[in-house]
Amino acid sequence: MMHVSFGLAARKGAAVLLSATLLLMLCLVPAQANPAADGGTRIAAEQTAPVQVAAAEQATAPAAQTATATPDVEPVSTDNHPWWFWPVTLLFFCFVLGIIAVMAGVGGGVLFVPLVSGFFPFHLDFVRGAGLLVALAGALAAGPGLLRRNFANLRLALPVALIASACSIVGALLGLALPTNIVQTCLGVTILAISVLLLMSKNSVRPEVKMQDAVGMALGMNGVFLEPSTGEVVDWKTHRTLIGLLLFIIIGIMAGMFGLGAGWANVPVLNLLMGVPLKVSVGTSKFLLSITDTSAAWVYLNQGCVIPLMAVPSIVGLMLGSVVGVRLLAVAKPKFIRYMVICVLLFSGGKALLKGLGIG
Amino acid sequence: MRALKKDTSMSTPTKDIRQDIKASPAQLRYADTLFYGSLVGFVALLATYALYVTGLLEPQIPLEQMHTVWTHSAAEYRALGHIPQGWGWLALLNKGDICNFVGIVILAGMTIICFAQLALSLARRKEWLMFWIATAEVVVLLLAASGVLVAGAH
């Protein structure tokens, strides 16, 4: 009886959370669509920007000179919100996002980038920078525990991380060099593809690997872990290792280009393709984000794509939300949340696509 | 019962199952360094953010004007706010917004420190293939952190 009422309460809580998120998104839509919040600001600022940019670019050449330079920012905007409005809204938005992400079994980054770029007035460059930091912070918080319990395997992670992190730098450079509308369009397509992937993929708890391949054997990609729920000791090894490693090239590029994190792709490749047990795949994937996202995050940080005023509330909100989400997870049935998240991803992916194409 | 054998690798199965299910010493060291480093990074991030939003440290770009710059691309933002590229921000550490990068850099730098520590541990154990992979990872991360890699502005 107690269990039933807990489950009911959790479902009610989840429904309230989702309603709150949708309400928040609906409240933010007019702000985004309203020229006062976005277009007006952009147009007004762009009219003044060229002269300032040209002047400032000369000034930014030697870093030492900029240390004493006064910013050329002019308050040309019709956004009448006080300065704290967007950071505080972002904090609450990310708190709810963190709860939903944990319950749906997805990383924060994959929800953060399409939703925040779709419904908040920040440029995509800053959203991607913050998205990487959000994913990085989550991975750093979870990484030590996963490593101690042997759910994240260093031997499995090392070669994969090297490929993914090198390629995420390429992705980050590519994403920052391409025009925003192209990146936004590609982001929309990617998010739509991820939602289909989440809908279709059925992870295997313990994939059957009859024989380890030569690459996996040479890299020592095998191990043993204790399944705490049954007390069983599980031996595992990889197959199709080379194809898996090659796929991490694409995963790395996409992670760096869109600032999404890459848990959505890491887990299916490790689990379904390479035959790593689900728990080790999830644990190693989360740990991998601390490496893959670090290299891309450095590129974004060095290019000035991190605005602390928006990045810090995003990190804090998502981490606090994740803590609450983990507690709710014990009593909730996350299947409904998962389908809701897929719907939200389809919606935000569609919005990003239309925005990129100049329709939305 | 299987004979006890000292675990000499990161997690390669040995003859002793009790050793195998435990994380290796190298993995535990990595976890500890990551945990304490990240903790320091998070505390630094929150402390500097508090200094920033409470106005105790004057920011490079005034808080009231942030909404006029964050709608622009990163290249325009740097130019409008005189935010330097790469490690140039170190010269502006007394600014409220810029000092937040200290915490971010600690968080982003932890993986480099952990991998350098891991590479040394692997070298001591003469696990040369893994040593070279870990060393290559350190090089990749240092390259990303150096600020040498710059994308063309769009």
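Note: the structure precedes this text.
Just so we're clear, the structure is a prediction, and the values are computed from it rather than from any experiment.

Novice: Talk me through the overall build of chain B; I want residue IDs and the actual numbers.
Specialist: Each helix and strand counted, chain B has 6 helices and 0 strands in total. Beginning at the N terminus, the succession of helices and strands in chain B can be written as α-α-α-α-α-α. The buried share of chain B, taken over its 154 residues, is 55%. In chain B, of all internal contacts separated by at least 6 residues, the share reaching a separation of at least 24 is 54%. Put simply, chain B shows about 6700 Å² of open surface, and 69% of that area lies on carbon and sulfur atoms.

Novice: Which residues make up helix 4 (residues 85-104) of chain A, and what are the values?
Specialist: Helix length check: helix 4 of chain A, at 20 residues, gives a terminal C-alpha distance of 28 Å against a target of 28 Å (1.5 Å per residue), a fit within 8%. In terms of residue burial, helix 4 of chain A counts as a mostly covered element, since 14 of its 20 residues are buried.

Novice: So what's going on with the nonpolar core? Residues and values would help.
Specialist: Of all hydrophobic cores here, the largest spans 138 residues; its most connected members are Phe112 of chain A together with Tyr30 of chain B. With 13 residues, helix 6 (residues 124-148) of chain A is the single largest residue contributor to this core. Not counting the four nearest positions on each side in its chain, Phe112 of chain A is found in contact with Cys94, Leu97, Ser117, Val127, Ala130, Gly131, Val134, Ser314 and Leu318 of chain A.

Novice: Outline the packing of helix 5 (residues 108-119) of chain A against helix 8 (residues 180-200) of chain A, supporting the account with residue identities and numerical values.
Specialist: All names here are of chain A. Following both chains from N to C, one finds helix 5 and helix 8 inclined at 135°, their axes separated by 11 Å at the closest point. The pairing of helix 5 with helix 8 is recorded here as oblique in orientation. For the element pair helix 5 and helix 8, the recorded crossing hand is left-handed. Two secondary-structure elements touch here, helix 5 through Val110, Val113, Pro114 and Ser117 and helix 8 through Gln184, Leu187, Ile191 and Ile194. A per-class count over the contact of helix 5 with helix 8 returns 6 nonpolar, 2 polar and no charged.

Novice: Just give me the short version of the pattern of salt bridges, but keep the residues and values in it.
Specialist: For the coordinates displayed, the defined rule picks out 4 salt bridges over all chains. The partner of Asp32 of chain B in a salt bridge is Arg148 of chain A, with the nearest N and O atoms 2.9 Å apart. In this pair, Asp32 of chain B sits in helix 2 (residues 25-53) while Arg148 of chain A sits in helix 6, so the two residues belong to two different chains. On the accessibility criterion, Arg148 of chain A (35% relative accessible area) is partly exposed. A salt bridge links Arg206 of chain A to Glu232 of chain A, with the shortest nitrogen-to-oxygen separation between them at 3.3 Å.

Novice: Could you give an account of the interface of chain A and chain B, with specific residues and numbers?
Specialist: Interfaces are often described in size by the accessible area the parts lose on coming together. Listed by partner, the interface residues are 88 residues for chain A and 84 residues for chain B. Each partner contributes to the roughly 7500 Å² buried at the junction of chain A and chain B, and carbon and sulfur atoms together form 71% of this total. Connecting chain A to chain B are 2 salt bridges. Connecting chain A to chain B are 18 residue pairs in polar contact (both at pLDDT 80 or more). Residue assignment for the side of chain A that touches chain B shows that the elements contributing at least two residues are helix 2 (39-60), helix 3 (63-66), helix 4, helix 6, helix 7 (154-177), strand 1 (222-227), helix 12 (278-302) and helix 13 (308-329) of chain A. A class-by-class count of the residues in the side of chain A that touches chain B yields 58 nonpolar, 21 polar and 9 charged.

Novice: Quick rundown of the environment of Gly37 of chain B? Include the residues and the values.
Specialist: Residue and element names in this part refer to chain B. Along the polypeptide, Gly37 turns up in helix 2. Here Gly37 falls in the buried class, since its relative accessible area comes to 11%. In this structure, the C-alpha to C-alpha distance between Gly37 and Ile106, residues 69 residues apart in sequence, is 7.3 Å. Look past the residues within four positions of Gly37 in its chain and what remains in contact with it is Ile106 and Met110.

Novice: Kindly report on a nonpolar patch on the surface, identifying the contributing residues and their values.
Specialist: On the surface, Leu242, Ile243, Leu246, Leu247, Ile249 and Ile250 of chain A cluster together to form a nonpolar patch covering roughly 510 Å² of accessible area. Summarising the element assignment, Ile243 of chain A is placed in helix 10 (residues 241-258).

Novice: Tell me about the environment of Gln184 of chain A, and please be specific about residues and values.
Specialist: Residues and elements named next belong to chain A. Locating Gln184 in the fold gives a position in helix 8. C-alpha separation for the pair Gln184 and Phe258, spaced 74 residues apart in sequence, amounts to 8.6 Å. Discounting residues that sit within four places of it in the chain, Gln184 has contacts with Ser117, Leu124, Ala352, Leu353, Lys355 and Gly356.

Novice: I'd like a description of the side chain of Ser195 of chain A, backed by residues and values.
Specialist: All names here are of chain A. With respect to the helices and strands, the residue Ser195 is situated in helix 8. A distance of 2.6 Å separates the side chain of Ser195 from the backbone oxygen of Leu192, its partner in a polar contact. Setting aside residues up to four positions removed in sequence, Ser195 forms contacts with Ile342, Leu345 and Leu346.

Novice: How would you explain the packing of aromatic side chains if you had to name every residue and give the values?
Specialist: Tallied over the full model, the rule gives 17 aromatic pairs over all chains. Aromatic pair Phe120 of chain A and Phe122 of chain A: ring centres 5.8 Å apart, planes at 10°, arrangement stacked. No difference in accessibility class separates Phe120 of chain A from Phe122 of chain A, as the two residues are buried. Feature note: the residues Phe85, Trp86, Phe93, Phe120 and Phe122 of chain A together with Trp70 of chain B constitute an aromatic cluster, connected by ring pairs. Positioned above the aromatic ring of Phe35 of chain B is the side chain of Arg148 of chain A, whose terminal nitrogen or guanidinium carbon lies 5.3 Å from the ring centre. Against the face of Phe119 of chain A rests Lys351 of chain A, its NZ or CZ located 5.6 Å from the ring centre.

Novice: Before we move on, could you go through the pairing of strand 2 (residues 232-237) of chain A and cite the residues and values that matter?
Specialist: Residue and element names in this part refer to chain A. Two elements, strand 1 and strand 2, share 6 bridges in a ladder whose sense is antiparallel. Note that in strand 2 the partner of Asn222 across the bridge is Lys237. A loop of 4 residues connects strand 1 with strand 2, the two strands running antiparallel in sequence, and Gly231 in this loop sits at a positive phi of about 75°.

Novice: Hey, could you go over the environment of Gly88 of chain B for me, with residue numbers and the actual values?
Specialist: With respect to the helices and strands, the residue Gly88 of chain B is situated in the loop between helix 4 (74-81) and helix 5 (101-124). Considered as a pair, Gly88 of chain B and Gly147 of chain B are 59 residues apart in the sequence and their alpha carbons are 9.7 Å apart.

Calculation rules
Residues numbered from 1 in each chain as written. Chains lettered and ligands numbered in written order. Predicted model: local features only at pLDDT ≥ 70, side-chain atom pairs only at ≥ 80, totals over all residues. Heavy atoms only, no water. Helix = DSSP H or I, 4+ residues; strand = E, 2+ residues; numbered from the N terminus. Buried < 20%, exposed > 50% of the residue type's maximum accessible area, 1.4 Å probe, protein only. Contact = heavy atoms within 4.5 Å. Areas by Shrake-Rupley, 256 points an atom, 1.4 Å probe, with all protein chains shown as cover. Expected span 1.5 Å × (residues − 1). Core = buried A, V, L, I, M, F, W, Y, C linked by side-chain atoms within 4.5 Å. Axes fitted to C-alpha atoms, helices over the stretch in contact; angles between N-to-C directions. Parallel < 35°, antiparallel > 145°, perpendicular 65-115°, else oblique. Left-handed = near helix turned anticlockwise from the far one by under 90°. Nonpolar A, V, L, I, M, F, W, Y, C, P; charged D, E, K, R; others polar. Salt bridge = Lys/Arg side-chain N within 4 Å of Asp/Glu carboxyl O. Buried area = accessible area lost by both parts, 1.4 Å probe. Polar contact = N/O pair within 3.5 Å; in protein donor to acceptor, adjacent residues only side chain to side chain. Patch = residues over 30% accessible without salt bridge, like charges linked within 9 Å, V, L, I, M, F, W, Y side chains within 5 Å. Phe/Tyr/Trp six-rings, centres within 6.5 Å; stacked < 30°, edge-to-face > 60°. Lys NZ or Arg CZ within 6 Å of the ring centre and 35° of its normal. Pairing = 2+ DSSP bridges.

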